[in-house]
Amino acid sequence: MLSTAKRVGNRIIGNPEQTVTTISTETYLKGIQVVKDPRHEAVKYLTSLFPIFGWITRYNLGWLTGDLIAGLTVGMVLVPQGMSYAILASLPAQYGLYSSFVGVLIYCFFATSKDVSIGPVAVMSQTVAQIIIAVDAKYPHKWAGPLIATTLAFVCGFIVLGIGLLRIGWIVEFIPVPVISGFMTGSAINIVAGQVPALMGITGFSTRAATYEVIINTLKGLPRAKLDAAWGLTGLFSLYAIRIICNQLSKRYPRRARLFFFISITRNAFVVIVLTLASWLYCRHRKTASGNYPIAILKTVPSGFQNVGAPVIDGELVKALGPHIPVATIILLLEHIAIARSFGRVNGYKINPNQELIAIGVTNTLGTIFHAYPATGSFSRSALKSSSGVRTPLAGIFTAIVVLVALYGLTPAFYWIPNAGLSAVIIHAVADLVASPSQAFSYWRVSPLEFLIWLAAVLVTVFSSIENGIYTSISASVALLLVRIARPRGYFLGKVTLTRNLTESREIFVPLRKDGVTNQYVKVDPPTPGVIVYRFEESYLYPNCAIINSVIVDHVRENMRRGIDFSTIKMADRPWNDPGPTRGNSLSAEAANNEKPALHAIVLDFSGVSQIDTTSVQALVDTRNEVQKWADRPVEFHFATILSPWIRRALVAAGFGIGTPAVELSNEIAPVVSHRGGRRDKLLDDASSVGVEDIEAHSESVPPTSGTVPIVPVETPFFHFDLISAVRAAEAGVEKPRERAKTPSLQI
């Protein structure tokens, strides 16, 4: 009774009673690892959130020395940069110190990179400034700039934290390197252009406008330059001079290279101190009645943390920030992951992208308690940290101590820091983010299309905004990816015989068309007449199956003999969509057609196919039907190098690979609308019947040695381990066409 019910059920769903052995869902589910001890796995997961536990027990004095030097070094750079970037973000200078402290302190507990330094960065600061302006323009004076920035940090940090906890950090892989480089280059140009007016003391226009407008207005305003230029230009010149001189001295005196390196990295602090001292000496007795000074200075910076506590999150403000959250989140995670991977590659370790996203998320979420604004990885400070000999992420604690000392002990001295000097620090740091000509040319050499995306990112950022530049470049990259999937490369192959020492030789298959890879003077022999060999270079999926179907069918119609003699068919009996040659040239067309070989077999190289789906299998069935209709005879389909058991399962379901006569196979494997009353049941039953003689005729030959087994199951004789055996099997059938004509041709 049970077997009868099972047989009826199989017939209803179209499952043949005799099937070829393929992978089953049951096998797949059994292969999934089941958690045997949930408590242990939960503890393991929670422990993995804090990588510091993996190395802190091995901490030693040698590591401490390297971390102390690197931490103090980065701290001396971070303090002036943090205040400068806060000014860039349209925030009071102390908010840069808040973000700096929280970033370096919290990151060390969650980090998988020893080199990355978290804190305020130029691109994020510029984006925060643009968001503050946009929100304030829509809701005038409703929220203060610091509250907008802190809320943005909380929301973006929460989103990034969620991405990391859910382990979906792989989404950042959809953003390629040229996109990152493009918007970083464009953003750097944008920032530099916006800081030059402050460097020169030029006012009277918005430095947040499009870059080209800022450049034009700056050139027009040069005659209005103020005394600030003396501090700004001097500071900028000094920063570059110290770096260049120290680099040259390091090359000239290699033994003292370490000394010159540390002199060079202190240039930010040194220049700011000197400019501050000069500002104090010049301005202290020149205060006007309105409380201003001859040059723009930082003025009062509150000491310590102000109003530390739970963040105030206004729902209406979050709603107002909605359109700007995506771009801020992208910058937050993208810049950090790119930097972490870069230094991991250079220094020989591997980061965990999901854990890094957790670190960024926690840093920005908890940072709102200290009223910090969005912070992420800094390329310049990370490079400095790496060069200083950092050993572990614990160096961030020493950097936090430096920031804490500056926040509680040095704020009175910050009063006299000239704004032009901070602009010089920003320009000096950001200019290194601009891609060099050699880097841009490398994009062109590797992929001209990606170079165009890089160029689009730069131009849109310069002539519009950072936000538009990011969206444009990401959209272009996704579009290029889809085009590459939907329009894959594929080649019809021919044979080349390689000879070694005039005694050993072997056959390889290369494109018949000159592809620029093989030597142009090598002669490529086509396969045996009647055999076509085609190689896929992309997964065979629904976006590209139609184009591949057209390529193969068009090649068959152009190079293979048409099986039907249209000269014997009346015009009224010919199909409307394929009328054949006209009466006037039917004889010449028939003569030309008879010179072409009769199609016997098509060999498909699946070595580049890792995925296949229902639509593509149906397209392959359509291809089989179309070429057999053209040839007016059964055509064998051989498959080489199938990579996945699921691909094998899908092909078998469509009747490929087995020894079934092709003329009795179903025309559809996945009909959109079921055709009632047809021959589906019979066709499926026929498709599952495998003849023993057929198998023996087409399976790979196996020596009759005890203990040997075929590498490919004998029940699928048209699936081959490699391309050579597939082509040989296909060509073997061409040698005896008359014998094969007496019996039904094998599928295919």
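This one's a predicted model, so the numbers in the text were calculated from it and none came from an experiment.

### Describing the overall build of the protein chain
Moving on, step 1. Along its length, the protein chain carries 30 helices and eight strands.
Moving on, step 2. Looking at the 748 residues of the protein chain, the share that counts as buried comes to 46%.
Moving on, step 3. Restricting the contact set of the protein chain to residue pairs at least 6 apart, pairs at least 24 apart contribute 80%.
Moving on, step 4. If you sum the accessible surface of the protein chain, you get close to 37500 Å²; carbon and sulfur atoms cover 61% of it.

### Details of the packing of helix α14 (residues 325-347) against helix α16 (residues 379-387)
Moving on, step 1. Packing of α14 against α16 leaves a shortest axis separation of 11 Å and a crossing angle of 25°. Classed by the angle they form, the pair α14 and α16 counts as roughly parallel. Crossing hand, α14 versus α16: right-handed. Here I339, F343 and N347 of α14 come into contact with α16, specifically with F379, S382, A383 and S386.
Moving on, step 2. Across the contact of α14 with α16, the residue classes break down as four nonpolar, three polar and no charged.

### Here's the deal with a nonpolar patch on the surface
Moving on, step 1. Nonpolar side chains collect at one region of the surface, where Y212, I216, F441, W444, L449, L452, L455, L459 and F463 lie side by side and expose about 850 Å² of accessible area between them.
Moving on, step 2. Broken down by secondary-structure element, the contributors of at least two residues to the nonpolar patch are α9 (211-221), α20 (437-446) and α21 (448-463).
Moving on, step 3. Top contributing element to the nonpolar patch by residue count: α21, with five residues.
Moving on, step 4. Accessibility expressed as a relative area gives 47% for L449, which makes it partly exposed.

### What to know about the packing of aromatic side chains
Moving on, step 1. Overall, the coordinates contain 31 aromatic pairs when judged by the stated rule.
Moving on, step 2. Plain terms: the ring middles of F101 and F305 are 5.2 Å apart, the flat faces sit at 55° to each other, and that makes the pair tilted. Pair noted here: F101 is in helix α5 (residues 93-110) and F305 is in the loop between α12 (267-283) and α13 (315-321), with a separation of 204 residues, a long-range link. An identical accessibility class is assigned to F101 and F305; each is buried.
Moving on, step 3. Members of the aromatic cluster, each reached through a chain of ring pairs, are F492, Y534, F536, Y540, F606, F637, F639, F656 and F719.
Moving on, step 4. A cation over an aromatic ring shows up here: R284 above the ring of W280, its NZ or CZ 4.3 Å from the ring centre.

### Some thoughts on the nonpolar core
Moving on, step 1. In this structure, Y373 and F414 are the most contacted members of the largest nonpolar core, which totals 93 residues.
Moving on, step 2. If you tally residues by element for this core, the top one is α14, at 12 residues.
Moving on, step 3. Excluding residues within four positions of it along the chain, F414 makes contact with V79, M83, L97, L298, K299, V301 and A406.
Moving on, step 4. Counting 37 residues, the second largest nonpolar core, distinct from the first, contains I548, L604, V617 and L651.

### Comments concerning the packing of helix α7 (residues 145-165) against helix α15 (residues 353-367)
Moving on, step 1. Between α7 and α15, the least distance of the axes is 7 Å, while the angle of their chain directions is 155°. If you check the angle between α7 and α15, you find them roughly antiparallel. For the crossing formed where α7 meets α15, the hand is left-handed. Facing α7, whose interface residues are A153, F154, G157, F158, V160, L161, I163, G164 and L165, α15 presents N354, L357, I358, I360, G361, V362, N364 and T365.
Moving on, step 2. A per-class count over the contact of α7 with α15 returns 11 nonpolar, six polar and no charged.

### Quick notes on the pairing of strand β6 (residues 601-605)
Moving on, step 1. The buried fraction of β6 amounts to five of the five residues, a majority that puts the element mostly inside the structure.
Moving on, step 2. In this structure, β6 lies alongside strand β7 (residues 636-640), joined through five bridges in parallel fashion. Across the sheet, residue D605 finds its bridge partner in β7, namely A640.
Moving on, step 3. Handedness of the β-α-β unit built from β6, helix α25 (residues 614-631) and β7 comes out right-handed.

### Some words on the confidence of the model for the protein chain
Moving on, step 1. Per-residue confidence for the protein chain averages 85 on the pLDDT scale, and 86% of its residues sit at or above 70.
Moving on, step 2. Every residue in residues 676-706 is under pLDDT 50, and counting partners more than four places away or in other chains gives 45 contacts.

### Here's the deal with the environment of S382
Moving on, step 1. Take S382: it is sitting in helix α16.
Moving on, step 2. Of the residues examined, S382 reaches a relative accessible area of 0% and is grouped as buried.
Moving on, step 3. A C-alpha to C-alpha distance of 5.5 Å links S382 and D115, two positions 267 residues apart in sequence.
Moving on, step 4. Not counting the four nearest positions on each side in its chain, S382 is found in contact with D115, V116, S117, I339 and F343.

### Focus: the pattern of salt bridges
Moving on, step 1. The final tally for this structure, using the stated rule, is nine salt bridges.
Moving on, step 2. The shortest N-O distance in the salt bridge between D432 and R243 comes to 3.1 Å. Of this pair, D432 sits in the loop between α19 (419-430) and α20 while R243 sits in helix α10 (residues 228-252), and the two are 189 residues apart along the sequence.
Moving on, step 3. A residue is classified by how much of its surface remains accessible, and D432, at 42% relative accessible area, is partly exposed.
Moving on, step 4. Residue R243 is classed as partly exposed on the basis of its relative accessible area, which comes to 21%.
Moving on, step 5. Its salt-bridge partner being E731, residue K495 comes within 3.3 Å of it at the nearest N-O pair. Residue K495 is found in strand β3 (residues 490-500), and its partner E731 is found in helix α29 (residues 723-732); the two are separated by 236 residues along the sequence. Pair check on accessibility: K495 and E731 agree, each one buried.

### A closer look at the sheet that holds strand β5 (residues 531-536)
Moving on, step 1. With respect to topology, six strands assemble into an open sheet ordered β4-β3-β5-β6-β7-β8, the strand pairing being mixed. Looking at strand neighbours, the two that pair on one side only are β4 (504-511) and β8 (719-720), the edges of this open sheet.
Moving on, step 2. Set on the sheet, helix α23 (residues 545-559) makes contact with β3, β5 and β6; between it and β5 the angle comes to about 160°.

### Digging into the side chain of T461
Moving on, step 1. Note on placement: T461 falls in helix α21.
Moving on, step 2. A polar side-chain atom of T461 sits 2.6 Å from the main-chain carbonyl oxygen of A457.
Moving on, step 3. Ignoring any residue separated from it by four or fewer positions in sequence, one finds T461 in contact with F183, G186, S187, N190, T211, I466 and G469.

### Digging into the pairing of β5
Moving on, step 1. Counting buried positions over the six residues of β5 gives five, a clear majority of the element.
Moving on, step 2. Looking at chain direction, β3 and β5 are connected through three bridges and run antiparallel. In the sheet register, G490 faces β5, and the bridge partner there is F536.
Moving on, step 3. As paired strands, β5 and β6 are joined by five bridges and run parallel to one another. Note that in β6 the partner of Y534 across the bridge is L604.

### Side note on helix α26 (residues 645-653)
Moving on, step 1. Considered for burial, the residues of α26 that qualify are I647, R648, A650, L651 and V652.
Moving on, step 2. For α26, the elements touching its buried residues are α25, β7 and β8.
Moving on, step 3. With a side-chain oxygen lying 3.0 Å from the backbone nitrogen of W646, the N-terminal cap of α26 falls on S644.
Moving on, step 4. Of the residues trailing α26, G655 is marked for its positive phi of about 90°.

### Regarding unusual backbone geometry
Moving on, step 1. The phi torsion at S90 lies on the positive side, around 65°, for a residue other than glycine.
Moving on, step 2. In this structure, S90 sits in the loop between α4 (61-88) and α5.
Moving on, step 3. Within the chain, T641 stands out as a residue other than glycine whose phi angle is a positive 55°.
Moving on, step 4. Within the element layout of this structure, T641 appears in the loop between β7 and α26.
Moving on, step 5. Among the residues examined, T641 registers a relative accessible area of 23% and is labelled partly exposed.

Cut-off values and rules
- Residues numbered from 1 in each chain as written.
- Predicted model: local features only at pLDDT ≥ 70, side-chain atom pairs only at ≥ 80, totals over all residues.
- Heavy atoms only, no water.
- Helix = DSSP H or I, 4+ residues; strand = E, 2+ residues; numbered from the N terminus.
- Buried < 20%, exposed > 50% of the residue type's maximum accessible area, 1.4 Å probe, protein only.
- Contact = heavy atoms within 4.5 Å.
- Areas by Shrake-Rupley, 256 points an atom, 1.4 Å probe, with all protein chains shown as cover.
- Axes fitted to C-alpha atoms, helices over the stretch in contact; angles between N-to-C directions.
- Parallel < 35°, antiparallel > 145°, perpendicular 65-115°, else oblique.
- Left-handed = near helix turned anticlockwise from the far one by under 90°.
- Nonpolar A, V, L, I, M, F, W, Y, C, P; charged D, E, K, R; others polar.
- Patch = residues over 30% accessible without salt bridge, like charges linked within 9 Å, V, L, I, M, F, W, Y side chains within 5 Å.
- Salt bridge = Lys/Arg side-chain N within 4 Å of Asp/Glu carboxyl O.
- Phe/Tyr/Trp six-rings, centres within 6.5 Å; stacked < 30°, edge-to-face > 60°.
- Lys NZ or Arg CZ within 6 Å of the ring centre and 35° of its normal.
- Core = buried A, V, L, I, M, F, W, Y, C linked by side-chain atoms within 4.5 Å.
- Pairing = 2+ DSSP bridges.
- Right-handed = clockwise from strand over helix to strand, strands pointing away.
- pLDDT = per-residue confidence, 0-100.
- Polar contact = N/O pair within 3.5 Å; in protein donor to acceptor, adjacent residues only side chain to side chain.

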